[in-house]
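Residue-level structure breakdown
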Amino acid sequence: MSAPDPTPEVARLKPYTVPAAGRRDFLRLDFNEGLAGPSPRVLERLRRLDADDVSLYPDETAARAAVASRFGLDRQPELDLVLTSGVDEGIRLLCDCFVRSGEKVVLLDPGYPMYRFYATLAGAQIVSVSYGEDLSFPEEALRAAAAGCRLLIVGNPNNPTGTPAPAGLVEDLAAAFPATIVLADEAYAEFAGASSIAALGRLPNLVVARTFSKAYGLAGMRAGVLLGGRAALSWVARMRSPYPVNSIALLALPAALADEEWVTRYVSEVRLARTDLAAALGALGVATFPS
């Protein structure tokens with residue numbers, strides 16, 4: 001007797017595997033984790049955990065308020081946010097909520113593998129737009145491919161190329177294709193200094209994803225957020241599980257967001273180290289690309 005077959009979408013998946021074991025005490029550059037850890041305020045808050053913090057179901061109230069304040073949503077009632085278990089869950093929610101089987105999803109290639117993973121699960125027709133050999137951003141090809149698509153995902157800056165989208169491109173695409181959900185994945189925005197958040201109020205089909213895994217050093221907490229218009233995100237909020245973010249992460253978020261000085265200092269250190277690493281690799285004859 002054989003086991004039941006999965007759906008065709010699951011059968012087509014290429015699994016995303018991670019070498020999670022044995023990585024402590026190494027200089028880890030593979031997953032872009034925060035090498036300095038989180039703000040000391042986070043660790044201090046975690047040391048004060050009590051029984052209710054663990055035994056009660058999660059309460060998002062304080063974390064939502066902190067995140068809304070950090071990104072300026074508390075001053076824009078037409079906008080909303082959805083906290084997610086990392087940006088990965090946010091990507092899946094958008095695919096499941098807005099993409100019907102057979103509809104077109106446009107991705108950059110190379111790009112974060114989970115975009116393709118969740119679009120495949122949704123039964124999408126995936127169209128890849130490739131970077132050039134010099135990793136220059138394929139702006140014209142992306143504009144052409146975006147016509148008629150249901151979901152367009154732009155990592156800004158892109159993972160793994162480190163390439164930023166041309167200024168204003170994400171907003172231009174959202175304005176040009178109002179029936180398309182445009183996701184700007186800004187997981188590394190703190191290091192790049194650019195964001196599409198300011199345009200959310202005038203573009204109801206634009207969604208911005210932010211993570212607290214990178215600059216905030218909370219990768220193990222699995223905390224992310226979708227930011228966007230209340231009308232679009234109300235559908236996402238309707239379909240997500242009741243408690244997607246665990247209580248410990250929700251307690252850590254306000255502490256992390258209260259220490260922007262720590263984040264600013266860490267981002268500055270990473271930028272300097274990035275320059276030094278590129279120079280050292282160049283001295284060894286190893287080619288690098290601007291990031």
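Every value quoted in this text rests on a predicted model; they were computed, and no experiment measured them.

Assigned secondary structure in the chain consists of 12 helices and 7 strands. What you see for the chain is a C-alpha radius of gyration of 19 Å, in line with the 19 Å of a compact globule of 291 residues. By principal-axis analysis of the C-alpha atoms, the chain measures approximately 55 × 55 × 50 Å. When each of the 291 residues of the chain is scored for burial, the buried share is 46%.

Here we come to a nonpolar patch on the surface. Residues Leu27, Leu29, Leu35 and Leu277 make up a contiguous nonpolar surface patch of about 420 Å² in total accessible area. Checked against the element boundaries, Leu27 lands in the loop between helix H1 (8–12) and helix H2 (40–47).

Strands sit in the order S1-S7-S6-S5-S4-S2-S3 across an open sheet of 7 strands; the sheet is mixed. Strand pairing shows two members of the sheet lacking a second neighbour, strand S1 (79–84) and strand S3 (125–130), which therefore form its edges. For this sheet, the mean inter-axis angle between neighbouring strands, taken without regard to orientation, is 20°. Note: strand S2 (residues 104–109) against S3, 6 bridges, orientation parallel. Counterpart to Val106 in the pairing with S3 is Val127. Of the strands in this sheet, S2, S3, strand S4 (151–155) and strand S5 (181–185) touch helix H6 (residues 113–121), which is tilted by about 160° from S3. Along the sheet face, helix H8 (residues 169–176) touches S4, S5 and strand S6 (206–211) and points at about 165° away from the line of S5.

This brings us to the packing of H2 against helix H11 (residues 247–257). In contact at an axis separation of 8 Å, H2 and H11 are set at 140° when each is read in the N-to-C sense. It follows from the interaxial angle that H2 and H11 lie oblique. The hand of the H2/H11 crossing is right-handed. Each of Arg41, Val42, Arg45 and Leu46 in H2 lies in contact with H11, whose residues at this interface are Ile248, Leu251, Ala252, Ala255 and Ala256. A per-class count over the contact of H2 with H11 returns 7 nonpolar, no polar and 2 charged.

Let us look at the pattern of salt bridges. In this structure the tally under the stated criterion is 16 salt bridges. Note that Asp259 is salt-bridged to Arg41, the shortest N-O span being 3.8 Å. One end of the pair, Asp259, is in the loop between H11 and helix H12 (260–283); the other, Arg41, is in helix H2, and 218 residues separate them in sequence. On the basis of relative accessible area, Arg41 is assigned to the partly exposed category, the value being 43%. The salt bridge partner of Arg48 is Glu44, with a shortest N-O separation of 2.9 Å. For Arg48, a relative accessible area of 48% corresponds to the partly exposed category. One salt-bridge network, held together by shared partners, links Arg64, Asp80 and Arg230.

Among the nonpolar cores identified, the biggest contains 57 residues, and Val67, Leu142, Leu152, Phe212 and Leu227 are the most heavily contacted of them. Considering every element that reaches this core, the biggest residue donor is H11, with 7 residues. Apart from the residues within four sequence positions on either side, Val67 is in contact with Leu81, Leu83, Phe212, Val225, Leu253 and Leu257. Judged by nonpolar contacts, the second largest core, of 29 residues, contains Ile91, Phe98, Val105 and Leu233.

So, on to the side chain of Glu9. In this structure, Glu9 sits in helix H1. Among residues more than four places away in sequence, those in contact with Glu9 are Ser101, Thr120, Leu121 and Gly123.

Let's shift gears to the side chain of Arg240. Locating Arg240 in the fold gives a position in the loop between helix H10 (230–239) and H11. A distance of 2.8 Å separates a polar side-chain atom of Arg240 from the backbone oxygen of Leu83. In this structure Arg240 touches Glu60, Val82, Leu83 and Leu93, once residues within four positions along its chain are discounted.

With that settled, consider the packing of aromatic side chains. Counted by the stated rule, this structure contains 7 aromatic pairs. When the centroid spacing of 4.8 Å and the interplanar angle of 15° are considered together, the rings of Tyr57 and Tyr243 count as stacked. In this pair, Tyr57 sits in the loop between helix H3 (51–55) and helix H4 (61–70) while Tyr243 sits in the loop between H10 and H11, placing the two residues 186 residues apart along the sequence. Residue classification places Tyr243 among the partly exposed residues on the basis of a relative accessible area of 45%. Plain terms: the ring middles of Tyr131 and Phe137 are 5.8 Å apart, the flat faces sit at 90° to each other, and that makes the pair edge-to-face. The pair formed by Tyr131 and Phe137 is uniform in burial state, with each residue classed as buried. One aromatic cluster is present, built from ring pairs that chain together Phe191, Trp262 and Tyr266.

Procedures and definitions
- Residues numbered from 1 in each chain as written.
- Predicted model: local features only at pLDDT ≥ 70, side-chain atom pairs only at ≥ 80, totals over all residues.
- Heavy atoms only, no water.
- Helix = DSSP H or I, 4+ residues; strand = E, 2+ residues; numbered from the N terminus.
- Rg over C-alpha atoms; globule rule 2.2 N^0.38 Å.
- Buried < 20%, exposed > 50% of the residue type's maximum accessible area, 1.4 Å probe, protein only.
- Patch = residues over 30% accessible without salt bridge, like charges linked within 9 Å, V, L, I, M, F, W, Y side chains within 5 Å.
- Areas by Shrake-Rupley, 256 points an atom, 1.4 Å probe, with all protein chains shown as cover.
- Salt bridge = Lys/Arg side-chain N within 4 Å of Asp/Glu carboxyl O.
- Pairing = 2+ DSSP bridges.
- Axes fitted to C-alpha atoms, helices over the stretch in contact; angles between N-to-C directions.
- Contact = heavy atoms within 4.5 Å.
- Parallel < 35°, antiparallel > 145°, perpendicular 65-115°, else oblique.
- Left-handed = near helix turned anticlockwise from the far one by under 90°.
- Nonpolar A, V, L, I, M, F, W, Y, C, P; charged D, E, K, R; others polar.
- Core = buried A, V, L, I, M, F, W, Y, C linked by side-chain atoms within 4.5 Å.
- Polar contact = N/O pair within 3.5 Å; in protein donor to acceptor, adjacent residues only side chain to side chain.
- Phe/Tyr/Trp six-rings, centres within 6.5 Å; stacked < 30°, edge-to-face > 60°.

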